[in-house]
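Descriptive structure summary
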Amino acid sequence: MVKFADLPSAINEFVKDGETIAMEGFTHLIPFAAGHEIIRQKIKDLTAIRLTPDLIYDQMIGAGCIKKLIFSWGGNPGVGSLHRFRDAYQNSWPQKLEIEEHTHAGLTNKYVAGASGLPFTVMRGYRGSDLFDQTSGVVEINSPFSDEVLTAVSAINPDVTVLHAQQADKAGNVMLWGITGVAREAVFAAKKVLVTVEEVVEEFTPKFNSIIIPNIQIDVISLAPRGAWPSYASGYYERDNSAYIAWDKIAKERDTFLTWLDDVIHKESNAKGPKS
Amino acid sequence: MSSKLDSDLTWSDDEIMTITAAKILKNTDTCFVGIGIPSTAAILAKSMHAPNLFLIYESGTVNTNPQKLPLSIGDGELANEALTVVGMPEIFNYWLQSGRIDVGFLGAAQIDRYANINTTYIGQTYQAPKVRLPGAGGATEIAGACKEVIIIINQTKRAFVNQVDFVTSMGFGDGVGSREKYGLRGGGPSKVITKTLELTMTHLHPGVSKEQVIENTGWELKFSQSMKITEQPKPVELTKIRELIKTSDR
């Protein structure tokens, strides 16, 4: 049964050391507030899954929360590198980072398999790429119905999926709209689901391209206005591209990153960006 | 490098690459676009000769018509101006994998003589790279499935290598038969657009010499017998691209 809780309590109850966590949201609706709370609670040894680690996992990697990263595109979108990710992978700072790397299509299908209750699913992909030999859970499979060789990818079933959405209603159903990425698949693949929302409303007003996640699929909802900043929440605020550009400088050196951790994450009032 | 031919016309490397790429796209094409120059070229094409160009971004935006340049592949602008926004299983499985995309438009860090592209790492090994790059994203399956792939890359000797350090996305593998061997149903790379030329080896951009091209390529380049010069950007094209660039947050 879904419940409402403040974010620190929700993270404390539903995210544990050593678990596999998926914090999805493709460019849009990235659950930054939840990520920052995970850093504050010093949760560690996570296996963290995201198509695009983005700034949220760069921050969590630099803060020492993540032991293994499962991903498919590890850059700062439109800007360049994720420096904390690179420093961890290349120099083991602040600790060794193990990686399991996929393609977007591959990782998407791994969620689909997990959401469907299958051990794997079948796709055309990875073949011809050197990634095929460097990753795990990706094998060739003969089609039982044709002469083709296809690719089987194993399912992922996170212990906990964390999403940010625009709205929850009083009954704990969640509505998100705009770019939804693999949100639906990450929910159905997970054992536990934590959602932060911009707003709790009496009842939903239909929105263009919205999806609704029924309350029986959700464990806990926390109100977190501007909880996706510096990514965005369609209908609430836009992507703060200047913050993504500024991150490049902050993350580049360890000391500027550590200063950011102290000033922004551990002083909660600074973590949501400029008031809009 | 900035080139100049007419007395009052100058353009940057990025401008001529983008304009050249835009002109390849047809009004009837369905195009899967990556962020950066591919995206700028596609939006430029829509604002000029190809208003009906059907653009799909991996973030799920289908038939989108952005009025300003997105910084990321999932900017709100792409979603707000789209016919519809769908989840990623639909994008990768139903649109791309099924063979519905005419043109895939990719950037790369490294490319080799068989147009294999690398966006994973440069130097040393996968486990201990000299420089770790973002990785595959959508590129591997875009390169596999689109009817035609166009690659836009800044040409330097470091980027144009005999063999890429890592095949992130296959072009033509190690030659004839590689794509068939791996079951890649799309046609593979048809054009590579750089700051100096299009790498069907048919066109040099105006103001660029053969020597400059050889200087920036890590293998012995073959030139077409009937080497042509790319059409010089028109003032209207340069004006359009500069207006577009101004809309970016970058």
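Residues numbered from 1 in each chain as written. Chains lettered and ligands numbered in written order. Predicted model: local features only at pLDDT ≥ 70, side-chain atom pairs only at ≥ 80, totals over all residues.

1. What to know about the overall build of chain A
Cut-off, in case you're wondering: A helix here means a DSSP run of H or I that spans at least four residues, while a strand means a run of E at least two residues long, and both kinds are numbered starting from the N terminus. Atoms considered for the radius of gyration are the C-alpha atoms alone. The globule rule reads 2.2 Å times the number of residues to the power 0.38. Placing a C-beta atom from the backbone of each residue, one calls two residues in contact when those atoms lie within 7 Å.
Within chain A, the secondary structure is distributed over nine helices and 15 strands. The C-alpha atoms of chain A give 18 Å as radius of gyration, which agrees with the globular expectation for 276 residues (19 Å, within 12%). For chain A, the C-alpha atoms occupy an extent of roughly 60 × 45 × 30 Å along the three principal directions. Counting only contacts in chain A whose residues sit at least 6 apart along the sequence, the fraction spanning at least 24 positions is 74%.

2. Comments concerning the confidence of the model for chain B
All names here are of chain B. Cut-off, in case you're wondering: Every residue gets a pLDDT, meaning the predictor's confidence in that residue, from 0 to 100.
Summary statistics for chain B give a mean pLDDT of 86 and a share of 82% for residues scoring 70 or more. Confidence scores differ between elements of chain B, with strand E15 (residues 203–204) showing the lowest mean pLDDT of 50 and helix H4 (residues 88–97) the highest of 98. Interface scoring of the predicted complex returns ipTM 0.95; its pTM is 0.91.

3. Considerations on helix H2 (residues 32–40) of chain A
All names here are of chain A. Rules: For the exposure call, what matters is how many other C-beta atoms sit within 10 Å of a residue's own: 20 or more marks it buried, 12 or fewer exposed, and in between partly exposed, using C-beta atoms placed from the backbone.
Within H2, eight of the nine residues are buried, which leaves the element mostly enclosed by the surrounding structure. Within H2, burial applies to Phe-32, Ala-33, Ala-34, Gly-35, His-36, Glu-37, Ile-38 and Ile-39. A positive backbone phi angle near 50° is found at Lys-42, which sits one or two residues after H2.

4. Quick notes on the interface of chain A and chain B
This is how the line gets drawn: As a working rule, the residues Ala, Val, Leu, Ile, Met, Phe, Trp, Tyr, Cys and Pro are called nonpolar, Asp, Glu, Lys and Arg charged, and the rest polar, with Gly in that last group.
Counting residues at the interface gives 44 residues for chain A, matched by 43 residues for chain B. Residue assignment for the side of chain A that touches chain B shows that the elements contributing at least two residues are helix H4 (83–91), helix H5 (104–116), helix H6 (131–134), helix H7 (183–189) and helix H8 (241–252) of chain A. With four residues, H5 of chain A is the single largest residue contributor to the side of chain A that touches chain B. Among the residues forming the side of chain A that touches chain B, the class breakdown is 13 nonpolar, 21 polar and ten charged.

5. Observations regarding the packing of helix H1 (residues 13–24) of chain B against helix H8 (residues 235–246) of chain B
All names here are of chain B. Going by this rule: Lines fitted to C-alpha atoms define the axes here, with helix axes fitted over just the stretch in contact, and angles between the N-to-C directions of these axes take values from 0 to 180 degrees. Should an angle lie under 35 degrees it is considered roughly parallel, over 145 roughly antiparallel, and from 65 to 115 roughly perpendicular; all remaining angles are considered oblique.
Close contact between H1 and H8 brings their axes to 10 Å; oriented N to C, the two are set at 105°. In terms of orientation, H1 and H8 fall into the roughly perpendicular class. Contacts from Glu-15, Thr-18 and Ile-19 in H1 reach Glu-237, Leu-238 and Ile-241 in H8. Partitioning the contact of H1 with H8 into residue classes produces three nonpolar, one polar and two charged.

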